[in-house]
Amino acid sequence: MAEQVLIVDDDTRLSAMLAEYLAGNGYRVSTAATATEGMADIHRRPPDLVILDVMLPDHDGFETCRRIRQLSDVPILMLTAKGEETDRIVGLELGADDYLPKPFNPRELLARLKAILRRRNASGTNGSRVMRFGRLEIDPASRSARIDGRDCAMTSYQFDLLVALAGHAGRTLSREQLMDMVRGEELEAFDRSIDVHVSRIRAAIEDDPKHPRRIVTVRGSGYVFARYQDDGQ
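My aim in this report is to walk through the structure given alongside it, one point at a time. Model, not experiment: these values are computed from the prediction.

The rules behind the values
Residues numbered from 1 in each chain as written. Predicted model: local features only at pLDDT ≥ 70, side-chain atom pairs only at ≥ 80, totals over all residues. Heavy atoms only, no water. Buried < 20%, exposed > 50% of the residue type's maximum accessible area, 1.4 Å probe, protein only. Helix = DSSP H or I, 4+ residues; strand = E, 2+ residues; numbered from the N terminus. Arc of directions from axis to C-beta. Polar contact = N/O pair within 3.5 Å; in protein donor to acceptor, adjacent residues only side chain to side chain. Pairing = 2+ DSSP bridges. Contact = heavy atoms within 4.5 Å. Axes fitted to C-alpha atoms, helices over the stretch in contact; angles between N-to-C directions. Phe/Tyr/Trp six-rings, centres within 6.5 Å; stacked < 30°, edge-to-face > 60°. Salt bridge = Lys/Arg side-chain N within 4 Å of Asp/Glu carboxyl O. Parallel < 35°, antiparallel > 145°, perpendicular 65-115°, else oblique. Left-handed = near helix turned anticlockwise from the far one by under 90°. Nonpolar A, V, L, I, M, F, W, Y, C, P; charged D, E, K, R; others polar.

### A few points about helix α3 (residues 61–71)
- Buried within α3 we find Gly61, Phe62, Thr64, Cys65, Ile68 and Arg69. Within α3, the buried residues cover an arc of 160° as seen down the axis, which keeps them to one side.
- The N-cap residue of α3 is Asp60: its side-chain oxygen and the backbone nitrogen of Phe62 are 2.9 Å apart.

And the structure:
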């Protein structure tokens, strides 16, 4: 069955163009012109991915992103104003999986959408093997991470980033390497997006995110996932 995409944007002309383009590439598409309509659509018919504009007439996209995250881990691709770096960072911090500044080429949106859904549907780079690092357990097959049996909440993109880091435990990975591993294709780099996602992962898996022991920053180089955690385990 074709994957369902929900477009939440009050620019009805753009939504209609994107809906036609995505339908022509094999997706089922629904549209909503307001955050309220979009949330109702998600409750009624949960999509496989949401394309969410930052500027909406009733609630802004950031608040809508936060509300979606409270009820679902559906991947979210946010559309932001051109050059508004702050919008991108805030969206990622609230749980968006990716961003795309306006105006954009529909082919790039399609590439990003495919990459997000491919990560979502993949079993992970480590197959079904559960990875254990002390009290932390990462299960690529069920796409879950747990500390002492407690689920660690994170977005689809953040989980894939965690798997990439854990799959190369003990090795320093640059931001560029991480983006290549997780995206699966070359797209415009936005280094700070990786930093934001790592910060969110740390909030989910570290005992003290301000003094991380699992994902360690290597100044000027990138990040390293510690092989041994929790007093040598």
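### Describing unusual backbone geometry
- In this chain, Lys102 is followed by Pro103 through a cis amide linkage whose omega measures -5°.
- Along the chain, Pro103 turns up in the loop between β5 (98–101) and α5 (106–121).
- A positive phi angle, close to 55°, is found at Arg143, a residue other than glycine.
- Along the chain, Arg143 falls in the loop between β7 (136–139) and β8 (144–147).
- In this structure, Asp148 is a non-glycine residue whose phi angle is positive, near 55°.
- Position of Asp148 relative to the elements: it lies in the loop between β8 and β9 (150–151).

### So, the sheet that holds strand β6 (residues 131–133)
- Pairing within the open sheet is antiparallel, and its four strands lie in the order β6-β7-β8-β9. Edge strands, defined here as strands with exactly one partner in the open sheet, are β6 and β9.
- Two strands pair when backbone bridges link them, and β6 and β7 are joined in this way by three bridges, in the antiparallel orientation. Looking at β7, one finds that Phe133 is bridged to Leu136.
- Across the sheet, helix α6 (residues 156–166) touches β6, β7 and β8, and the angle it forms with β7 is around 110°.

### Section: the packing of aromatic side chains
- Applying the stated criterion across every chain yields a total of one aromatic pair.
- Between the aromatic rings of Phe133 and Phe225, the centroid separation amounts to 4.8 Å while the plane-to-plane angle is 75°, which identifies the pairing as edge-to-face. Here Phe225 lies in strand β12 (residues 222–225) and Phe133 lies in strand β6, a separation of 92 residues in the sequence.
- Here Phe133 falls in the buried class, since its relative accessible area comes to 10%.

### Some remarks on the pattern of salt bridges
- Scanning all chains against the criterion turns up 16 salt bridges.
- Linking Arg45 and Asp41 is a salt bridge whose minimum nitrogen-to-oxygen distance equals 3.7 Å.
- The exposure class of Arg45 is partly exposed, given its relative accessible area of 38%.
- Classification of Asp41 as buried rests on a relative accessible area of 5%.

### Some points on the packing of helix α2 (residues 35–44) against α3
- It is the contact of α2 with α3, at a shortest axis distance of 11 Å, that shows an interaxial angle of 15°. Taken together, the axis directions place α2 and α3 in an arrangement best described as roughly parallel. Here α2 runs over α3; the crossing is right-handed. Residues Ala35, Met39, Ile42 and His43 of α2 pack against Thr64, Arg67, Ile68 and Leu71 of α3.
- Class assignment of the residues belonging to the contact of α2 with α3 gives a composition of five nonpolar, two polar and one charged.

### A short note on the pairing of β7
- Count of turn residues in the β6/β7 antiparallel hairpin: two residues, of which Gly134 carries a positive phi of about 60°.
- In terms of strand pairing, β7 meets β8 through four bridges, oriented antiparallel. Note on β8: the bridge partner recorded for Ile138 is Ala145.

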